[in-house]
Amino acid sequence: MILINCPYCGERDQSEFSNGGEAHVARPENSENLNDKEWGKYVFYRDNPKGIFYERWVHTHGCRKWFNAVRNTSTDEILKIYKLGDNPPNKESFSNTLKTPSGEPKVGSGNFTVKK
Amino acid sequence: MWKSPEPKKTYDVIVVGGGGHGLGTAYYLAKEHGIKNIAVIEKGWLGSGNTGRNTTIIRSNYLWNESAFLYDHSVKLWENLSQELNYNMMFSQRGVMNLAHNEHDIKEMKRRISANRLNGLDTQWLETREIKKLVPIMNTHNLRYPVLGAAFQPRGGVARHDAIAWGFAMRADEMGVDIIQNCEAHSIKTKNGKVVGVKTSKGFINAKKVAVVASGHTSVLAKTAGVRLPLQSRPLQALVSEPIKPVINTVVMSNAVHAYVSQSDKGELVIGAGTDGYNSFTQRGGYDVMEETVRAIVELYPIFGKMKMLRQWGGIVDICPDASPIISKCEVNGLYFNCGWGTGGFKATPGSANVFAHTVAHDEPHKINAPFNLERFSDGRLIDEHGAAAVAH
């Protein structure tokens, strides 16, 4: 369970929210001219990084408003929350604390927020 | 039980991921396709990923022909696997029951049973009184969503999760496969659109072919080779209770209230929860997900109300948009993926490994896994199994 700081209501349990997947996926212009492959990429393909992830949330059981978040998917730490329409924060502004190239701590699982 | 060699400089095939699917792939490559110069690399110990983190349920009652053929290919291999590997899989065909709690469930399940029977599967419909006879401890009427019937597959059941990893590992090892543990794959190297090897925590290893079977981390590895896959990784939880006397001798799953349970040979209840509602690689999962499942379990089986839970864990599952796996080549020559098993890969372990080995050896899919290609996400031939997957995602 994570706590999410809704920009309109304040900090609430994650169970009040629904996740909307990757943020900033724009519907392609002139979609009628896309071939099946390009359209398939838009419909089915989303980033799935271990680490910094830009995503959307909606406060389903609260204000029902949508907003964006930057979260580290290897620790669930929420690094930044910002409103729709705001410019996404620069990825370089978040330090990546992952220890090996694929993001695993040297021993054990990806659970190092619990261990420390 | 198996040697733990240092990696050689070059292999014909490197299998990334030492779970059941990966070790099985190496086993069938060596046994059925005569390829012996194989390495299986695993970042932890064998079976430490999702092979050791599931609820070991085996069944094949999927709706579409493609899935029914794939999953039943696997059940048929399970039925003879203890003999074939000379290692006890503890495969117990105690039956798997999927409960219906509303009109829609009944219609959907009866449709699925009809489809299953046309494909020669042994699924059947049970009325509530028949369920009561099989599972007397179930509360069928005095609950918010009463039990109105069930789809039942008698050939389904459970098996020992470690046994399949160890069994495949021992027999593959005997045929000369190098099983290398504590060797993490960091990136896949390609040159001119062809795979050349894998950079690992034990150095660079050359390979003619690389077969990735890394479950939740598949998209992370694929990215290092410049391949994008339609996968999302999420934690899936399970929990185990204190051991008690035998009270339930089949597997009972409920999609609508989200509870599934079986009893292990030690007497523990093995309970499966759903996935978290967001992408994560944390291998733990949220308490709210667990609470929802336990609430449903207690309502369905009031006698479990005061039981203590002993262990809880999470595994990272890779979910495909159509809840069906990808067993496929990709745009990089010599690079193969067996992924997207989502919440239900254990049942498919031998079948998936068998057809994946064929795909890797011949550079073209077996006819069973041909529909489970990557092209379906552009040509639209999806194999939508959200109904049969039975776990909320």
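Counting restarts for each chain, with residues numbered from 1 along the sequence as it is written. Key to labels: chains lettered from A, ligands numbered from 1, both in the order written. For this predicted model, a pLDDT threshold of at least 70 governs which residues receive local features, and a threshold of 80 or more governs which side-chain atom pairs are given and counted, while totals over whole chains, interfaces and linings are taken from all residues. Only heavy atoms go into the side-chain values, all of them from the structure, while hydrogens and water stay out.

Section: the packing of helix 1 (residues 20-33) of chain B against helix 2 (residues 65-85) of chain B
Residue and element names in this part refer to chain B. Rules: Here, axes are lines fitted to C-alpha atoms. For helices the fit covers the stretch in contact, and angles between N-to-C directions go from 0 to 180 degrees. Secondary structure counts use DSSP, requiring at least four H or I residues in a row for a helix and at least two E residues in a row for a strand, with both numbered from the N terminus. An angle counts as roughly parallel when it lies under 35 degrees, as roughly antiparallel when it exceeds 145, as roughly perpendicular when it falls between 65 and 115, and as oblique in every other case. We call two residues in contact whenever any of their non-hydrogen atoms come within 4.5 Å of each other.
Packing of helix 1 against helix 2 brings their axes to within 15 Å, and their N-to-C directions diverge by 75°. By the angle between their directions, the pair helix 1 and helix 2 is classed as roughly perpendicular. Across the interface between the two elements, Tyr27, Tyr28 and Lys31 from helix 1 touch Leu77, Leu81, Glu84 and Leu85 from helix 2.

Focus: empty space enclosed by the protein
Residues and elements named next belong to chain B. Condition: We place a 1 Å grid over just the protein atoms. Points where a 1.4 Å probe fits but has no way out form a cavity, open points with protein on both sides within 12 Å along at least 5 of 7 lines form a pocket, and any residue with an atom within 4 Å of a point lines it. Grid points are joined across faces, edges and corners, and a volume is the space filled by probe spheres set on the points. Under the grouping applied here, Gly and all other residues not named as nonpolar or charged are polar, the nonpolar ones being Ala, Val, Leu, Ile, Met, Phe, Trp, Tyr, Cys and Pro and the charged ones Asp, Glu, Lys and Arg.
One pass over the structure, following the stated rule, counts one cavity of 30 Å³ or more. Taken as a whole, the largest cavity encloses approximately 80 Å³ of empty space. Forming the walls of the largest cavity are 14 residues, and the residues nearest its centre are Ala323, Trp341, Gly342, Thr343 and Gly344. Its residues assigned to classes, the lining of the largest cavity shows seven nonpolar, six polar and one charged.

Observations regarding the interface of chain B and chain A
Interfaces are frequently sized by the accessible area removed from exposure as the parts join. In plain terms, the rule: Note on terms: buried area is the combined drop in 1.4 Å-probe accessible area of two parts once they are placed together, counting the loss on both. One speaks of a salt bridge when a side-chain nitrogen belonging to Lys or Arg is within 4 Å of a carboxyl oxygen belonging to Asp or Glu.
With 31 residues of chain B at the interface, the matching set in chain A holds 32 residues. Summing both partners gives a buried area of about 2,700 Å² for chain B against chain A, and 49% of it is carried by carbon and sulfur. The three residues of chain B that bury the most area against chain A are B:Arg228, B:Tyr278 and B:Phe281, which together make up 25% of that side's buried surface. The interface formed by chain B and chain A contains two salt bridges.

Thoughts on the sheet that holds strand 3 (residues 18-22) of chain A
Residue and element names in this part refer to chain A. To keep it simple, the criterion reads: Pairs of strands are assigned from DSSP output, requiring at least two bridges between the strands.
Spatially, the four strands line up as an open sheet ordered 3-4-5-6, and their pairing is antiparallel. Every interior strand has two partners, whereas the edge strands, strand 3 and strand 6 (77-83), have only one. Direction aside, the axes of adjacent strands within the sheet are offset by 30° on average. Where strand 3 lies against strand 4 (residues 52-58), three bridges are found, and the strand directions are antiparallel. When the bridges of strand 4 are listed, Ser18 appears paired with Val58.

Some thoughts on the side chain of B:Asn338
With respect to the element layout, B:Asn338 can be found in strand 18 (residues 335-339). The residues contacting B:Asn338, other than those within four sequence positions of it, are B:His21, B:Val212, B:Val213, B:Ile326, B:Ile327, B:Ser352 and B:Phe356.

Here's the deal with the nonpolar core
Residue and element names in this part refer to chain B. We apply this condition: As used in this record, nonpolar core signifies buried Ala, Val, Leu, Ile, Met, Phe, Trp, Tyr and Cys residues forming a set joined through side-chain atoms within 4.5 Å. Here's how the labels work: a residue is buried when its accessible area is under 20% of the maximum for its type, exposed when over 50%, partly exposed in between, all with a 1.4 Å probe on protein chains only.
Ile38 and Trp78 are the most contacted members of the largest nonpolar core, which has 50 residues in total. Contributing elements (two or more residues each) for this core: strand 1 (10-16), helix 1, strand 2 (38-41), helix 2, helix 5 (161-174) and helix 8 (349-362). Once residues lying within four places of it in the same chain are set aside, the contact partners of Trp78 are Ile58, Met89, Phe91, Ala159, Ile164, Phe346, Lys347, Thr349 and Pro350.

Notes on unusual backbone geometry
Phi is mostly negative for residues that are not glycine, and the peptide bonds are mostly trans. Residues and elements named next belong to chain B. At Asn192, a residue that is not glycine, the phi angle is positive and equals roughly 50°. On the secondary structure map, Asn192 appears in the loop between strand 9 (185-191) and strand 10 (194-200). Exposure remark for Asn192: the relative accessible area of 78% places this residue in the exposed category. The residue His258 is not glycine, and still its phi comes out positive at about 55°. Relative to the helices and strands, His258 resides in the loop between strand 13 (251-254) and strand 14 (259-263). Overall, the relative accessible area of 5% leaves His258 in the buried class.

Some points on helix 1 of chain B
All names here are of chain B. Threshold: Multiply 1.5 Å by the residue count of a helix minus one, and that product is the helix's expected span.
Taking 1.5 Å as the rise per residue, helix 1 with 14 residues should run 20 Å; its terminal C-alpha atoms sit 18 Å apart, in good agreement. The buried count for helix 1 comes to eleven of 14 residues, which makes it a mostly enclosed element. Within helix 1, the full set of buried residues consists of Gly20, His21, Gly22, Leu23, Gly24, Thr25, Ala26, Tyr27, Tyr28, Leu29 and Ala30. With its phi angle positive at about 65°, Gly34 sits one or two positions after the end of helix 1.

Looking at the confidence of the model for chain A
All names here are of chain A. Formally: Confidence per residue, as judged by the predictor, is encoded in pLDDT with a range of 0 to 100.
Summing up the model confidence of chain A, the mean pLDDT is 84 and the portion of residues at 70 or higher is 80%. Mean pLDDT across the secondary structure elements of chain A bottoms out at helix 2 (residues 112-115), with 36, and peaks at strand 3, with 97. Below a pLDDT of 50 lies the segment residues 105-116, which in the model reaches 23 contacts outside its immediate sequence neighbourhood of four places, other chains included.

Points about the pattern of salt bridges
Residue and element names in this part refer to chain B. Under the defined criterion, the tally for this structure stands at 23 salt bridges over all chains. Taking the shortest distance from any N to any O, the salt bridge between Glu268 and Lys266 comes out at 3.8 Å. Judged by relative accessible area, which is 8%, Glu268 ranks as buried. A salt bridge links Arg381 to Asp379; the shortest N-O distance between them is 3.8 Å. For Arg381, a relative accessible area of 63% corresponds to the exposed category. One continuous salt-bridge network, built from bridges that share partners, spans Asp72, Lys76, Glu79, Asp122 and Arg155.

Considerations on the confidence of the model for chain B
Interpretation of the predicted coordinates at a detailed level should be avoided for regions scoring low in pLDDT. In this model, chain B carries a mean pLDDT of 95, and residues with pLDDT of at least 70 account for 99%. The ipTM, which scores confidence in the relative placement of chains, is 0.92 for this predicted complex, and the corresponding pTM is 0.94.

Some thoughts on the packing of aromatic side chains
To keep it simple, the criterion reads: Aromatic pairing here means that ring centres of Phe, Tyr or Trp (its six-membered ring) are within 6.5 Å. Orientation follows from the plane angle: under 30 degrees is stacked, over 60 is edge-to-face, and everything else is tilted. In this scheme, the term charge over a ring applies when either NZ of a lysine or CZ of an arginine sits within 6 Å of the ring centre and within 35 degrees of the ring normal.
All chains considered together, the criterion is met by twelve aromatic pairs over all chains. For the pair B:Tyr27 and B:Tyr28, a centre-to-centre distance of 5.0 Å together with 75° between the ring planes defines the contact as edge-to-face. Its relative accessible area of 3% is what places B:Tyr27 among the buried residues. Each ring, one from B:Tyr301 and one from B:Phe304, has its centre 5.3 Å from the other, and the planes form 35°; the classification is tilted. A connected cluster of aromatic rings, assembled from ring pairs, spans B:Tyr27, B:Tyr28 and B:Phe168. Across the ring face of A:Tyr45, the terminal group of A:Lys41 is positioned such that the distance to the ring centre comes to 4.3 Å.

Description of the layout of surface pockets
Residues and elements named next belong to chain B. Put simply, the second largest pocket is a space of about 570 Å³. As for the second largest pocket, its lining consists of 23 residues, of which Thr56, Arg160, His161, Ser264 and Val270 are closest to the centre. If you list the elements that add at least two residues to the lining of the second largest pocket, you get helix 5, strand 14 and strand 16 (309-319). In terms of residue class, the lining of the second largest pocket is built from six nonpolar, nine polar and eight charged.

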